[in-house]
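Chain by chain, the residues:
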Amino acid sequence: MQRAIQFAICEDDKTEQAYIASLVRNWADRENHDCRIECYDSAEQLLYSFDGDFPFSIYILDIQMKKMNGVELARELRRRDKRAVILFLTGLLDYALEGYEVGAMRYLMKPVDEKEFYRILCRIEKEQSEETEAWFILERQEEILKIPYRDIWYLEAQGHYVELHYGEKVLRWKAGFGEYQREFEENGFVMVRRGALVNLGRVAKVGRTECVLDNGETLPVSRGQYRRVNEAFISYYRKGWE
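Residues numbered from 1 in each chain as written. Predicted model: local features only at pLDDT ≥ 70, side-chain atom pairs only at ≥ 80, totals over all residues. Heavy atoms only, no water.

Novice: Go over the packing of aromatic side chains, please, and point to the residues and values.
Specialist: Tallying each qualifying case throughout the model produces 14 aromatic pairs. Summarising the aromatic geometry, the rings of phenylalanine 50 and phenylalanine 54 are spaced 5.4 Å apart at their centres and angled 85° between planes, so their arrangement reads as edge-to-face. For the ring pair phenylalanine 184 and phenylalanine 189, a centre distance of 4.9 Å and an interplane angle of 80° mean the geometry is edge-to-face. Judged by its relative accessible area of 4%, phenylalanine 189 falls in the buried class. Here the aromatic cluster, defined as three or more aromatic residues joined through ring pairs, consists of Phe136, Tyr149, Trp173, Tyr180, Phe184 and Phe189. It is lysine 146 that lies over the ring of tryptophan 135; its NZ or CZ is 4.4 Å from the centre. (Phe/Tyr/Trp six-rings, centres within 6.5 Å; stacked < 30°, edge-to-face > 60°. Buried < 20%, exposed > 50% of the residue type's maximum accessible area, 1.4 Å probe, protein only. Lys NZ or Arg CZ within 6 Å of the ring centre and 35° of its normal.)

Take a look at the structure:
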């Protein structure tokens, strides 16, 4: 049985909220998908509705709301869920760069065009159905470790050793850093300085001298790598926009 797609719509304009919900229902009926829709009048209402994990896979957020705006809400959501899709509703594009920071997939300009909205949802559904988990396999002595790349924060050289950081854990083994560079770059990592690769999906912000991770940790960015890191970061979060 096909699992229902869970939508959260956060929009303080009741008329706009009802319109977006109707578009979602029409799309689901047309594509023969089961969907569940929850509507919220404010960012605070959405955040305080759940104590733990959120059940939604797609968030449609108005940017210009009272008190906490859509970008601020998206930051909170990203702390809890790295994989959910975020779509912004806006009448302005002033927030575009901030959208990269929270991994927004697309901005929907008001009034939302029905055909464009359906096209975006179809693309999201297609990409999610094709998505496969990629794993880093590490063989150490008598054990084999299997770690999803998405759970890894960064990899760095420490003398003749390599350290892998994921969650609160650090793995360390004797090896050459260059043995892993290409493999990690092919799985969403970018080199921030010599001997350090960071997971773009874990980066919250890129500056000229450092990048900030979602957990608040900072990694130095070398002068020669800044442009490449910044372009890779923007490209990573623009996937699916066009």
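Novice: Explain a nonpolar patch on the surface to me, using residue names and the numbers behind them.
Specialist: Nonpolar side chains collect at one region of the surface, where Trp135, Ile137 and Ile144 lie side by side and expose about 310 Å² of accessible area between them. Position of isoleucine 137 among the secondary structure elements: in strand β6 (residues 135-140). (Patch = residues over 30% accessible without salt bridge, like charges linked within 9 Å, V, L, I, M, F, W, Y side chains within 5 Å. Areas by Shrake-Rupley, 256 points an atom, 1.4 Å probe, with all protein chains shown as cover. Salt bridge = Lys/Arg side-chain N within 4 Å of Asp/Glu carboxyl O. Helix = DSSP H or I, 4+ residues; strand = E, 2+ residues; numbered from the N terminus.)

Novice: Which residues make up unusual backbone geometry, and what values go with them?
Specialist: Residue proline 111 is reached from lysine 110 by a cis peptide bond, and omega for that bond is -5°. Inspection of the secondary structure puts proline 111 in the loop between β5 (106-109) and α5 (114-130). In this model, asparagine 32 sits at a positive phi of 60°, which is unusual for a non-glycine residue. Within the element layout of this structure, asparagine 32 appears in the loop between α1 (14-31) and β2 (35-40). The phi torsion at lysine 67 lies on the positive side, around 55°, for a residue other than glycine. Residue placement: lysine 67 occurs in the loop between β3 (58-62) and α3 (70-80).

Novice: Requested: an account of α1, with residues and values cited.
Specialist: Between the first and last C-alpha of α1 there are 26 Å, a value that for 18 residues agrees with the 26 Å anticipated at 1.5 Å per step. What α1 keeps buried is the set Glu16, Gln17, Ile20, Ala21, Leu23, Val24, Trp27 and Ala28. Relative to the axis of α1, the buried residues are bounded by an arc of 155° and lie together on one face. Exposed side chains of α1 directed beyond 90 degrees from the buried face belong to Lys14, Thr15, Asp29 and Arg30. Between a side-chain oxygen at the N-terminus of α1 and the backbone nitrogen of threonine 15 the separation is 2.9 Å; the capping residue is aspartate 13. One or two steps after α1, the chain reaches asparagine 32, where phi turns positive at roughly 60°. (Expected span 1.5 Å × (residues − 1). Arc of directions from axis to C-beta. Polar contact = N/O pair within 3.5 Å; in protein donor to acceptor, adjacent residues only side chain to side chain.)

Novice: Hey, could you go over the sheet that holds strand β11 (residues 189-193) for me, with residue numbers and the actual values?
Specialist: A sheet is described by the order of its strands in space; here five strands give the open sequence β10-β9-β8-β12-β11, paired in antiparallel fashion. Of all the strands in the sheet, the pair left with one neighbour each is β10 (169-174) and β11. Averaged over all neighbouring strand pairs, the angle between strand axes comes to 20°, with direction disregarded. The pairing of strand β9 (residues 161-166) with β10 spans six bridges and is classified as antiparallel. Note that in β10 the partner of leucine 164 across the bridge is leucine 171. Along the sheet, helix α6 (residues 178-185) makes contact with β8 (152-158), β9, β10, β11 and β12 (196-199), crossing β11 at roughly 130°. (Pairing = 2+ DSSP bridges. Axes fitted to C-alpha atoms, helices over the stretch in contact; angles between N-to-C directions. Contact = heavy atoms within 4.5 Å.)

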